[in-house]
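Notes for the structure review
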Amino acid sequence: MSRNAKINTLLLLLVAALAVIPLALGLGDGKEEPFAGADAQAEAAITELKPDYEPWFAPLYEPPSGEVESALFALQAALGAGVLAYYFGIRKGRRQGAAQALAQAAAAEAGPDRPARES
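Anyway, here's the lowdown on the structure attached to this text. (Residues numbered from 1 in each chain as written. Predicted model: local features only at pLDDT ≥ 70, side-chain atom pairs only at ≥ 80, totals over all residues. Heavy atoms only, no water.)

**Observations concerning the overall build of the protein chain**
Tallying secondary structure elements over the protein chain gives three helices and zero strands in all. Listed N to C, the secondary structure of the protein chain is α-α-α in terms of helices and strands. Burial statistics for the protein chain: of 119 residues in total, 3% are counted as buried. Put simply, the protein chain shows about 11100 Å² of open surface, and 64% of that area lies on carbon and sulfur atoms. (Helix = DSSP H or I, 4+ residues; strand = E, 2+ residues; numbered from the N terminus. Buried < 20%, exposed > 50% of the residue type's maximum accessible area, 1.4 Å probe, protein only. Areas by Shrake-Rupley, 256 points an atom, 1.4 Å probe, with all protein chains shown as cover.)

Here's what the structure looks like:
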């Protein structure tokens, strides 16, 4: 197994552990919403400390249900992952193209009796 494969496997196991350990240890037991997001927890803490607090801004769009909100969040994450994958793919393609151009230039300089390799 190559070094990169070992690192990728270790990172995958670490991510899986981060997802499973809180569930296995029962960290959310006894709560109405055991794994609520930071926004919901902050809102609950503010309401508890100062019940008459009025937010400065209102959301631009309020989804009709939690499922729709989760779906929109997943869509946002997928689009972000797609943009990142596209960016890294472009970078790798440019790097490979530059390496291939250098190899062809070196082959052309090596001598006229050797034809340049076409791709």
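**Focus: a nonpolar patch on the surface**
Where nonpolar side chains cluster on the molecular surface, the patch consists of Leu60, Tyr61, Val68, Leu72, Leu75 and Leu79 and spans about 660 Å² of accessible area. Inspection of the secondary structure assignment puts tyrosine 61 in the loop between α2 (38-49) and α3 (66-110). Overall, the relative accessible area of 52% leaves tyrosine 61 in the exposed class. (Patch = residues over 30% accessible without salt bridge, like charges linked within 9 Å, V, L, I, M, F, W, Y side chains within 5 Å. Salt bridge = Lys/Arg side-chain N within 4 Å of Asp/Glu carboxyl O.)

**Side note on helix α1 (residues 3-25)**
Taking 1.5 Å of rise per residue, the 23 residues of α1 would be expected to cover 33 Å, and the 32 Å separating its terminal C-alpha atoms lies within 8% of that figure. The sharpest bend along α1 comes to roughly 30 degrees, located at alanine 19, with the proline proline 22 sitting one to four residues further on. At the C-terminal side of α1, glycine 26 shows a positive phi close to 70 degrees. (Expected span 1.5 Å × (residues − 1). Bend = angle between axes of the 7 residues up to and from the residue.)

**Overview of the packing of aromatic side chains**
If you walk through the whole model with that rule in mind, you get one aromatic pair. Measuring from ring centre to ring centre gives 5.3 Å for tyrosine 87 and phenylalanine 88, while their planes differ by 65 degrees; the resulting arrangement is edge-to-face. The class for tyrosine 87 is partly exposed, based on a relative accessible area of 42%. (Phe/Tyr/Trp six-rings, centres within 6.5 Å; stacked < 30°, edge-to-face > 60°.)

**Brief notes about a negative patch on the surface**
Residues Asp39, Glu43, Glu62 and Glu69 make up a contiguous surface patch of negative charge. Inspection of the secondary structure assignment puts glutamate 43 in helix α2. (Lys, Arg positive; Asp, Glu negative; His and termini not counted. Charge placed at Lys NZ, Arg CZ, Asp CG, Glu CD.)

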